[in-house]
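# Reading the structure
Each chain is listed here by its residues.
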Amino acid sequence: KSTGREGVFLYLSDHGDQIGRKQYFGKQTFYDYSAKIPLVISGSGIPQRKRVASPVSLMDIGPTLCGLTGSEPLPDADGVDLREIIKGEQPAERTVLSEFYDCDKDGIPLSGYMVRDKHYKLITYSGYEQEDILLDMRDDPMETVNLAPDHPDVTAKLKTAVPSDEYRKENTAAYCRHLKANGILDTWGKNNQWADLDVWHAPPCSYMEEQ
């Protein structure tokens, strides 16, 4: 049924919280309770009531909107145009990468990655590779069994999508500088009651500027 409006409309959300699942609280995991979000596309020329099981990424939104609207493609886009999937065509095999950057209590940079294809999910953290987690999302959707020790070949294949050590070090260091700047500005603002706190934001890190 037509809504009377022309255009393309997307519904999506921020990622979730573990809410105690697997004894974790917080948003800094790659289990589906935290990482998986809805992505609903509606509008002109979009099939109704169609569900797609293929893994997709938020990085796909830009290229897809450019394709649906006939706009010039984005330069050096990380995502892919999802129009073929939307139309019901069989998608090409692909992996989706998610990244996580933080610092520990001592300021040491940390990075984590999730690599997801149609069958498996790999979760790996820098410095903790011996604890890699490989999950069979087809037969074990509740993510209960770690297959990494028994399937090193699958783990190694998915790991080829993980960024290089140089890339990881650069981005985690930039993120830590960003957090440090936030802390400095927050402390300064609390000690200066006349300051407009909405104005004092940390400067973007070098990685954000490059993007």
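Check the entry above for the structure.
Residues numbered from 1 in each chain as written. Predicted model: local features only at pLDDT ≥ 70, side-chain atom pairs only at ≥ 80, totals over all residues. Heavy atoms only, no water.

Turning to the overall build of the protein chain, a few remarks are in order. Helices and strands together make up the secondary structure of the protein chain, namely six helices and six strands. Shown N-terminal to C-terminal, the secondary structure of the protein chain runs as helices and strands in the order β-α-β-α-α-β-β-β-β-α-α-α. Relative to its full complement of 211 residues, the protein chain shows a buried share of 33%. Carbon together with sulfur atoms contributes 53% to the accessible area of the protein chain, which is approximately 14400 Å² in total. (Helix = DSSP H or I, 4+ residues; strand = E, 2+ residues; numbered from the N terminus. Buried < 20%, exposed > 50% of the residue type's maximum accessible area, 1.4 Å probe, protein only. Areas by Shrake-Rupley, 256 points an atom, 1.4 Å probe, with all protein chains shown as cover.)

A separate point is the sheet that holds strand E4 (residues 109-116). One open sheet holds the four strands; their spatial order is E3-E4-E5-E6, and the pairing between them is antiparallel. Strands at the two margins of the open sheet, each flanked by one partner only, are strand E3 (96-103) and strand E6 (133-136). The sheet shows a mean angle of 10 degrees between the axes of neighbouring strands, direction not considered. Sheet topology note: the E3/E4 ladder contains eight bridges and is antiparallel. Bridged to Tyr101 within E4 is Ser111. Running at roughly 75 degrees to strand E5 (residues 120-125), helix H4 (residues 152-159) makes contact with E4, E5 and E6 of the sheet. (Pairing = 2+ DSSP bridges. Axes fitted to C-alpha atoms, helices over the stretch in contact; angles between N-to-C directions. Contact = heavy atoms within 4.5 Å.)

Below, the discussion takes up the layout of surface pockets. Volume-wise, the second largest pocket comes out at about 440 Å³. What lines the second largest pocket is a set of 17 residues, and nearest its centre among them are Tyr24, Gln28, Thr29, Ile123 and Tyr125. Counting residues per element, the ones that place at least two in the lining of the second largest pocket are E4 and E5. Sort the elements by how many residues they give to the lining of the second largest pocket and E5 lands first, with three residues. (1 Å grid on protein atoms, 1.4 Å probe; cavity = no way out; pocket = protein on both sides within 12 Å on 5 of 7 lines; lining within 4 Å. Points joined across faces, edges and corners; volume = space filled by probe spheres on them.)

Turning next to the pattern of salt bridges. Counted under the stated rule, the structure contains five salt bridges. We note a salt bridge from Lys121 to Asp32, for which the minimum N-O separation is 2.8 Å. With Lys121 in strand E5 and Asp32 in helix H1 (residues 32-35), this pair connects stretches of sequence that are 89 residues apart. Asp132 is the salt-bridge partner of Lys159, the closest N and O atoms lying 2.6 Å from each other. (Salt bridge = Lys/Arg side-chain N within 4 Å of Asp/Glu carboxyl O.)

Further remarks concern empty space enclosed by the protein. Under the criterion given, the structure shown has two cavities of 30 Å³ or more. Reported here for the second largest cavity is a volume of approximately 30 Å³. Residue lining of the second largest cavity: Leu10, Leu39, Ile41, Asp60, Ile61, Thr64, Leu65 and Leu82, and that is the complete set. Looking at the lining of the second largest cavity, the elements that each hand over two or more residues are strand E2 (39-43) and helix H2 (61-69). Sorting elements by how many residues they give to the lining of the second largest cavity places H2 first, with three residues. Partitioned by chemical class, the residues of the lining of the second largest cavity number six nonpolar, one polar and one charged. (Nonpolar A, V, L, I, M, F, W, Y, C, P; charged D, E, K, R; others polar.)

Secondary-structure assignment places His119 in the loop between E4 and E5. A distance of 3.1 Å separates the side chain of His119 from the side chain of Asp136, its partner in a polar contact. Apart from the residues within four sequence positions on either side, His119 is in contact with Leu135, Asp136, Met137 and Arg138. (Polar contact = N/O pair within 3.5 Å; in protein donor to acceptor, adjacent residues only side chain to side chain.)

By themselves, these are just geometric observations and shouldn't be taken as functional.
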